[in-house]
Amino acid sequence: MSHYSGPLLTRPMAETLLAAHAASSGEWSGSLDLGRSNGSVALQANGWDWKGQHYPYPHKLKDRTIYYWDGDEFAPVSRFSGSLIKLVPTEWGAPTFEIDGIKMLPTSKESPFEDARRKVALVEPRGKVLLDTCGGLGYFAACCLEAGVGRIHSFEKNEDVLWLRTLNPWSPDPDEPSYGGRLQLAHADISQAIVQITDASVDALLHDPPRFGIAGELYSQAFYDQLARVLRRGGRLFHYTGSPNKLTSDRDVPREVAKRLEKAGFKAQLALDGVLAIRR
């Protein structure tokens, strides 16, 4: 799917645009790509012009929602197909996303993009062939490309998440010429696709699965055995876990994960909000 190149609006941004129009200003300056860049638009009586296209003034935008131009109106970046999935703005520019109101990326203390950058650094991706098991919005992939990864194979099961990526300017486009084909994105379930990956063909791994209650198969011993099979000896793995159920039960998911990884053939230790492991 090709990436969207039109304007993206949030309620605060639209309010400043409308205020400039009400003040009879002929121009508004700001970001129309969630903080990736800044520019100016020409304000007219019946709308505004940007990059050679005319748009109407937006009205009745909701909080915590991002809007894109669908050809007829500014529509929310959300879909419902069994679950409500939506792109959600953050104070950091780079958005997160939600599924049925559950936030999928940490955003309380820093940008989800910066969070991804710290985790990616743990597997030292420069020059390596890397497997990204659950691509999400692609922030791991973007940070790997930024860090000089040799090639990254990314998998994403959810078709609606792939659609969100096409509307998110912070998500890397596999067809971007400057990437030189280093990002290969597949619409597939890694729990099934991994059996097709050759033994010891991956230099590093990033595993950021949905929470255990949604995708328990991605925390199973059988899956960790597959991760060990495809990763070369000495290769690094970062497994995001968070701390689910820690306050409401005696479960310690990070330590459970570390034990299973050890059994699969890794040397594992807790790191950041997950587990860093090295293939023995």
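By convention here, each chain's residues receive numbers from 1 onward along its written sequence. Reporting in this predicted model follows two pLDDT cut-offs: at least 70 for local features of residues, and 80 or more for side-chain atom pairs to be given and counted; totals over whole chains, interfaces and linings ignore these cut-offs and use all residues. Derived side-chain values reflect all non-hydrogen atoms in the structure, with water molecules and hydrogen atoms excluded from consideration.

A. Geometry of the packing of helix α2 (residues 112–121) against helix α3 (residues 139–146). For every element, the axis is a line fit to its C-alpha atoms; helices are fit only across the contacting stretch, and the angle between N-to-C directions ranges from 0 to 180 degrees. A run of DSSP states H or I qualifies as a helix once it reaches four residues; a run of E qualifies as a strand once it reaches two. Both are numbered from the N-terminal end. Viewed as axis vectors pointing N to C, α2 and α3 meet at an angle of 60°, and their least axial separation amounts to 9 Å. As far as their axial angle goes, α3 and α2 are oblique. Crossing hand, α2 versus α3: right-handed. Between α2 and α3, the contacting residues are Pro112, Phe113, Ala116, Arg117, Lys119 and Val120 on the first element and Tyr139, Phe140, Ala142, Cys143, Cys144 and Glu146 on the second. Residue polarity follows a fixed list, in which Ala, Val, Leu, Ile, Met, Phe, Trp, Tyr, Cys and Pro are nonpolar, Asp, Glu, Lys and Arg are charged, and the others, Gly among them, are polar. Its residues assigned to classes, the contact of α2 with α3 comprises 9 nonpolar, no polar and 3 charged. Roughly parallel means an angle under 35 degrees; roughly antiparallel means over 145; roughly perpendicular covers 65 to 115; every other angle is labelled oblique. In a left-handed crossing the near helix is turned counterclockwise from the far helix by less than a right angle, and in a right-handed crossing that turn is clockwise. Whether two residues are in contact is decided by their heavy atoms: any pair within 4.5 Å suffices.

B. Representation of the pattern of salt bridges in the model. The term salt bridge refers to a side-chain nitrogen of Lys or Arg lying within 4 Å of a carboxyl oxygen of Asp or Glu. Under the counting rule described, the total for this entry stands at 17 salt bridges. With its nearest N and O atoms 3.6 Å apart, the salt bridge here joins Asp63 to Arg11. Of this pair, Asp63 sits in the loop between β5 (53–55) and β6 (67–69) while Arg11 sits in helix α1 (residues 11–22); the two residues are 52 residues apart in sequence, bridging distant segments of the chain. Buried means the residue's accessible area, taken with a 1.4 Å probe over protein chains only, is under 20% of the maximum for its type, while exposed means over 50%, and partly exposed covers the values in between. By relative accessible area, Arg11 is classed as partly exposed at 32%. Put simply, Glu110, Asp115, Arg118, Lys119 and Asp273 are held in one network by salt bridges that share partners.

C. Spotlight on the environment of Leu231. As for its placement among the helices and strands, Leu231 is situated in strand β16 (residues 231–240). In this structure the C-alpha to C-alpha distance between Leu231 and Ala200, which are 31 residues apart in sequence, comes to 4.7 Å. Leaving out residues up to four positions away in the same chain, Leu231 has contacts with Ala200, Val202, Asp203, Ala204, Leu205, Arg236, Phe266 and Arg279.

D. Expanded view of the packing of helix α6 (residues 221–230) against helix α7 (residues 253–264). One can describe the packing of α6 onto α7 by two numbers: an axis separation of 9 Å at closest approach and a directional angle of 50°. On the basis of the axis angle, α6 is oblique to α7. You can see that α6 and α7 cross each other, and the crossing is right-handed. Residue-level inspection shows Gln221, Tyr224, Asp225 and Ala228 of α6 in contact with α7, the latter providing Val257, Arg260, Leu261, Lys263 and Ala264.

E. Structural context of the nonpolar core. Residue types Ala, Val, Leu, Ile, Met, Phe, Trp, Tyr and Cys, when buried and joined through side-chain atoms within 4.5 Å, form a set referred to as a nonpolar core. By size, the foremost hydrophobic cluster in this structure holds 35 residues, and its most contacted members are Val77, Phe97, Leu130, Tyr139, Leu164 and Leu206. Those elements that place two or more of their residues in this core are β9 (84–88), α2, α3, α4 (159–167) and β15 (202–207). In terms of residue count, the dominant contributor to this core is α3 (7 residues). Ignoring sequence-local partners within four residues, the contact set of Tyr139 consists of Ala94, Pro95, Leu105, Pro112, Phe113, Ala116, Asn168, Trp170 and Ser171. Residues Ile190, Ile194, Leu205 and Ala277 belong to the second largest nonpolar core, which totals 28 residues.

F. Representation of unusual backbone geometry in the model. We note that Leu34 has phi near 55°; this positive angle belongs to a residue other than glycine. Judged by relative accessible area, Leu34 falls into the buried class, the value being 7%.

G. View of the sheet that holds strand β7 (residues 74–76). Taken in spatial order, the 3 strands line up as β1-β6-β7 in an open sheet, and their pairing is antiparallel. In this open sheet, the two strands that pair with only one neighbour each are β1 (8–9) and β7. Pairing of β1 with β6, which is carried by 2 bridges, proceeds in the antiparallel orientation. When the bridges of β6 are listed, Leu8 appears paired with Tyr68. Paired strands, as defined in this entry, are two strands with at least two bridges between them according to DSSP.

H. Structural context of the packing of aromatic side chains. Any two of the Phe, Tyr and Trp rings considered here, Trp counted by its six-membered ring, make a pair once their centres fall within 6.5 Å; the pair's planes then place it as stacked at under 30 degrees, edge-to-face at over 60, or tilted in between. Taken as a whole and assessed by the stated rule, the structure comprises 10 aromatic pairs. Between the aromatic rings of Tyr55 and Trp69, the centroid separation amounts to 5.5 Å while the plane-to-plane angle is 90°, which identifies the pairing as edge-to-face. Linking Tyr55 in strand β5 with Trp69 in strand β6, this pair joins segments that are 14 residues apart in sequence. The same class applies to Tyr55 and to Trp69, which are both buried. Ring-pair connections join several aromatic residues into one group, and the members of that group are Trp48, Tyr55, Trp69 and Phe74. By definition here, charges over rings are those cases where NZ of Lys or CZ of Arg is within 6 Å of the ring centre and within 35 degrees of the ring normal. In this structure, Arg36 packs its charged tip against the face of Trp170, placed 4.4 Å from the ring centre.

Nothing here speaks to function; it is all geometry.
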